[in-house]
Amino acid sequence: MLPILHELQETFGYVDRAALPLIADALNLSRAEVHGVVSFYHDFRSEPAGRTQVKICRGEACQAVGCRELVATAERRHGLTLGETSPAGDLTLEEVFCLGNCALGPAVQVDGELHGRVTPDVLDALIAMSRSRGHA
Amino acid sequence: MTVRIHVPADSAAASVGADQVAGRLATEIARAGLDARIVRTGSRGLFWLEPMIEVETAGGPIAYGPVAPADIPGLLAAGLIDGGAHPLRLGPTDAIPYLARQERLTFARCGAIDPVSVEDYRARGGFKGLERALAMTPVAIVEEVTASGLRGRGGAGFPTGIKWRTVLGAAGDQKHIVCNADEGDSGTFADRMLMEGDPMLLIEGMAIAGLAVGATQGWIYIRSEYPRAVATFTRAVEACRRAGILGAKVGGTGPAFDITVRMGAGAYVCGEETSLLESLEGKRALVRFKPPLPALKGLFGKPTVINNVLSFAAVPTILADGAKAYADYGMGRSRGTLPFQLAGNIKFGGLVEKAFGLTLGEAIHDFGGGTRSGRPIRAVQVGGPLGAYFPADYLDTPLDYEAFAARKGMLGHGGIVVFDDSVDMAEQARFAFEFCAKESCGKCTPCRIGSTRGRETIEKVIRGEAVERNLSLVDDLCRTMTDASLCALGGLTPYPVLSAIEHFPEDFDRAPARVAAE
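Computed from a predicted structure; not experimentally measured. (Residues numbered from 1 in each chain as written. Chains lettered and ligands numbered in written order. Predicted model: local features only at pLDDT ≥ 70, side-chain atom pairs only at ≥ 80, totals over all residues. Heavy atoms only, no water.)

Peer 1: Please explain helix H3 (residues 31–40) of chain A as it appears in this structure.
Peer 2: Given 3.6 residues per helical turn, the α-helix brings residues three or four places apart onto the same face. Of the residues making up H3(A), those classed as buried are A:Val34, A:Gly36, A:Val37, A:Val38 and A:Phe40. Buried residues in H3(A) make contact with helix H1 (2–12) and helix H2 (19–27) of chain A. (Buried < 20%, exposed > 50% of the residue type's maximum accessible area, 1.4 Å probe, protein only. Helix = DSSP H or I, 4+ residues; strand = E, 2+ residues; numbered from the N terminus. Contact = heavy atoms within 4.5 Å.)

Here it is, written out as C-alpha cells:
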C-alpha cells in the first residue's frame, strides 16, 4: 500500500480522503484498514501543503548546533508553529527527525532539497528563493 | 586521455553546494575545451571539507576542498586537471590524515567510484565475495560469516552468522532477505552514505545472504527522508540487473535473486525489525510480539534474514578476504571494524571507520577536533535518540559493545553526537520522552502512555515543581518502560533520560524548588 500512497501524494500533493475507498477496493481491504495506514505515517498529508515546504530537523545532532533557535526564529518570523501551513497557502513549516546530515547541522529540507549549516538568515533566503521559483 | 574529476552527489555534500559546483565545473570545462569528464560519486565522509572534489592523476586522486562554484575558474587556471597547486588543494586524498588513519573495509570505495557503474565497482575489487560464495555451500558461507564474529550493526549487536544459520535451517518454500535501511537515529548517516556512494557493496552482501540461506527475494526498506539514497540505490539495482548480477541467475551462474526497493513514510519505529516487516507488508507499522522470530516467521510469514545496511555491507569483505582477516580487527567480542559517525557540535564531522576499541575521546578529539563552537564538551550521546548521555569524564570508554553496556550506554549504530557546555540536560531528557511519544507505534502501554506521562513529569521538574518527588516518579516510570515495553523504543527511552539525571543532576535542580525547600 505504501507505494500507492506515495504515488498519490507525489501526484496530488496529499492523499485525498476520497481515494481511500478506491484503495480499499483495489487491495481488498476495509476502508478502516486503509485509513489506519494513512494515518500512521508522518509523511502522508490529508490536505495540500504550502507552495514552499520547509522541514526543519529537530534531531539531537541538530539540537547540538542550534536548531531550537532556528525553529523559534522561523516560527516567529512567519507566524506559524511547526506543522502549520500559512493561511495564504504559500508556506508549510514542519519538523522532521533526522535528515542524515548530522555533521553539517542544522539541517533543513526545502521543497525536498537538503541544506546544511542553516542559520535563520540562510533559511529566510532559501524560502525567498523557493517563492521566487514558484512565481516565475 | 580524458581526465576524471569526481564531484560528490552525496546528500550532505549537496547540502552545502556540491550540485552547484558540478554545474559550474561542467560549464567551465566546456568553455575552456578541456579533456575532462565529471563523475558524480559518493562522499569520502570528510564533511567539513565538502564540497570536496578530486582529480584522477597518474599518482592517484588529488583532493580540493571545500570548493565553492566561484572557485572553479581559479582552480582550472591553476591547473586543476593536472592536480595543480591552489590554496584549496588538500593533496593526495589517501594521505589526508583523517582518512589515512582509518581502517576502511566497508567504506574503502565510497567516494572513489561512480556508485552506479558495475565496471567501477568491479575494478575496485567488487563482486569478489559473491564469486567466492557462488563456489561454496550455504553451510560454508554461514560458517564463514559466523567465524568472522560479525555482529548486527543496526544496534543490537546480535551475531549475524547465528541469525543466518537459523534461517538456513528453517523450512520454507520461500525465504526473504530484508535490508533495514531505515536509519532514523540522529547522529547517524553511514547507511545513507553507503547507499549513495557504494550501493553495489550492499547489493553484493544481500546476494551472498540469499545464497547462504536459500532466499531468492531481497527487499530493502529505505526511509523517505533519504530521497537521494532511494534514487541511487534503485539505479544501482537496475545496473546490476542489466549486468546479469541480479535476476534469474545471481552473479551469472547462481540461483535466482533480485531486490525490490521500498520507501518508508516517516516513522522512526520502522527501524525496529518487526515493525519494518509490517510496513513492508503495507500495514500500520505496529511492533510484533517475539517469538516467533523473523528468522522463522518474518516477511509474509516466511523465514527472513533481516539485517542492517552495514551488516550486509561487511559480508562481501568477509567472503573475499576470509573470516580471519576480518576478525583480526577489533577487541573482545566486538570483531571487525565499525564505521562510526561524528556529528552534532563537532569541528571535523564525518565518517570514521576503525577497528573496535578506539576510545570515545580519541574519536572526538583526534578525529573530530573537539567542538565546532570551540566551547568545552559537556555531554556526548552515542547510539541515537535511545542512547545514553555520557559526561566528559566518560570519554575514556572504548567503542565496543560490552564497554558501553558496562556504563549503561549503547553503541547502537555508531552515531556520536557532541554537545558543548550550553546544553540543558533537563531539556534533553524532556525531548527524549517527547520523541518517544511522537514515534511510539502505540501497541504497548508503557511506551504509548509512559512517554507522554514522562514528558509531563520532566516538565514539572523543569518548572521546579516538587522536583525530588517528580524525579523519583520518573525513575519509577523508567523502570516500568524498561521492563514492560514491547521493543527498544519504549525500552530504551529511559537510557537518555536516566543518564541525563544521573550524570548532570545540577540541571534538574531547578530554582523554584530550592526556594520552596527553604
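Peer 1: Looking at this structure, how should I read the interface of chain B and chain A?
Peer 2: Frequently, the measure chosen for interface size is the accessible area removed from exposure when the parts meet. Counting residues at the interface gives 57 residues for chain B, matched by 38 residues for chain A. Between chain B and chain A the total buried area reaches about 3,500 Å² when both faces are included, carbon and sulfur atoms providing 54% of it. Our count for the chain B to chain A interface comes out at three salt bridges. Of the charged contacts in the structure, one is a salt bridge between B:Glu434 and A:Arg58, with a shortest N-O distance of 2.9 Å. Taken together, the connections running from chain B to chain A amount to 24 residue pairs in polar contact (both at pLDDT 80 or more). (Buried area = accessible area lost by both parts, 1.4 Å probe. Salt bridge = Lys/Arg side-chain N within 4 Å of Asp/Glu carboxyl O. Polar contact = N/O pair within 3.5 Å; in protein donor to acceptor, adjacent residues only side chain to side chain.)

Peer 1: I keep staring at unusual backbone geometry and nothing clicks. Help me out?
Peer 2: Glycine aside, the phi torsion of most residues is negative, and most peptide linkages are trans. Note the cis peptide between A:Gly105 and A:Pro106, where omega equals -10°. Here A:Pro106 is to be found in the loop between strand S2 (91–96) and strand S3 (108–110). Note that the residue after B:Lys290, namely B:Pro291, is joined by a cis bond; omega there is 0°. With respect to the helices and strands, the residue B:Pro291 is situated in the loop between helix H12 (273–280) and strand S9 (304–308). Even without being a glycine, A:Asp111 presents a positive backbone phi close to 50°. Along the polypeptide, A:Asp111 turns up in the loop between S3 and strand S4 (113–115). Given a relative accessible area of 34%, A:Asp111 falls into the partly exposed group. One non-glycine residue with positive phi stands out, namely A:Arg117, at about 45°. Within the secondary structure, A:Arg117 sits in the loop between S4 and helix H6 (120–135).

Peer 1: Sorry, what's going on with the domain arrangement of chain B here?
Peer 2: All names here are of chain B. Domain boundaries in chain B define domain 1 (3–100), domain 2 (118–327), domain 3 (330–420) and domain 4 (425–517). Once you take the C-alpha centre of each, domain 2 and domain 4 turn out to be 36 Å apart. Tallying the contact residues gives nine residues for domain 2 and seven residues for domain 4. Buried area between domain 2 and domain 4, both sides added, is near 790 Å², and the carbon and sulfur share of it is 78%. Applying the counting criterion to the domain 2 and domain 4 interface returns zero salt bridges. On the surface where domain 2 and domain 4 come into contact, there are two residue pairs in polar contact (both at pLDDT 80 or more). Here the side of domain 2 that touches domain 4 is composed, by residue class, of seven nonpolar, no polar and two charged. (Domains from an automatic or database assignment. Nonpolar A, V, L, I, M, F, W, Y, C, P; charged D, E, K, R; others polar.)

Peer 1: Looking at this model, I keep getting lost on the sheet that holds S4(A). Mind explaining?
Peer 2: Strands belonging to one sheet form pairs held by backbone hydrogen bonds; the direction of such a pair is parallel or antiparallel. All names here are of chain A. Within the open sheet, the four strands sit side by side as S2-S1-S3-S4. Their pairing is mixed. Sheet topology places S2 and S4 at the edges, where each strand pairs with a single neighbour. Taken pair by pair, the neighbouring strands of this sheet meet at an average axis angle of 25°, ignoring direction. Relative to S2, strand S1 (residues 52–57) is paired through six bridges, and the arrangement is parallel. From the neighbouring strand, Val54 faces S2, where its bridge partner is Leu93. Along the sheet, helix H5 (residues 67–78) makes contact with S1, S2 and S3, crossing S1 at roughly 150°. (Pairing = 2+ DSSP bridges. Axes fitted to C-alpha atoms, helices over the stretch in contact; angles between N-to-C directions.)

Peer 1: For this particular structure, what's the right way to read the side chain of B:Thr232?
Peer 2: Looking at where B:Thr232 falls in the secondary structure, it is placed in helix H11 (residues 227–242). When neighbours within four sequence positions are excluded, B:Thr232 is seen to be in contact with B:Pro115, B:Val116, B:Met195, B:Glu196 and B:Pro199.

Peer 1: For this particular structure, what's the right way to read the sheet that holds strand S1 (residues 3–8) of chain B?
Peer 2: Residues and elements named next belong to chain B. The five strands lie next to each other as S2-S1-S3-S4-S5, forming an open sheet whose pairing is mixed. On the outer flanks of this sheet lie strand S2 (36–41) and strand S5 (89–92), each paired with one strand and no other. In this sheet, neighbouring strand axes are inclined to one another by 25° on average, regardless of whether the strands run parallel or antiparallel. One ladder, built from five bridges, connects strand S3 (residues 53–57) with strand S4 (residues 60–64); its direction is antiparallel.

Peer 1: I keep staring at the pattern of salt bridges and nothing clicks. Help me out?
Peer 2: Between side chains of opposite charge, pairing is possible as soon as their charged atoms come close. All chains considered together, the criterion is met by 48 salt bridges over all chains. A salt bridge links B:Lys438 to A:Glu95, with the shortest nitrogen-to-oxygen separation between them at 2.9 Å. Taken together, the positions of B:Lys438 in helix H17 (residues 425–439) and A:Glu95 in strand S2 put the pair across two chains. Taking the relative accessible area as the measure of exposure, A:Glu95 reaches 24% and is therefore partly exposed. Here B:Glu506 ties to B:Arg378 by a salt bridge, and the two come within 3.1 Å at their closest N and O atoms. Remark: B:Arg378 occurs in strand S14 (residues 377–382) and B:Glu506 occurs in the loop between helix H21 (494–503) and helix H22 (511–517); sequence separation between them is 128 residues. Since its relative accessible area comes to 49%, B:Glu506 is described here as partly exposed. Taken together, the shared-partner salt bridges in this structure form one network comprising A:Arg58, A:Arg68, A:Glu95, B:Glu427, B:Arg430, B:Glu434, B:Lys438, B:Arg455 and B:Glu459.

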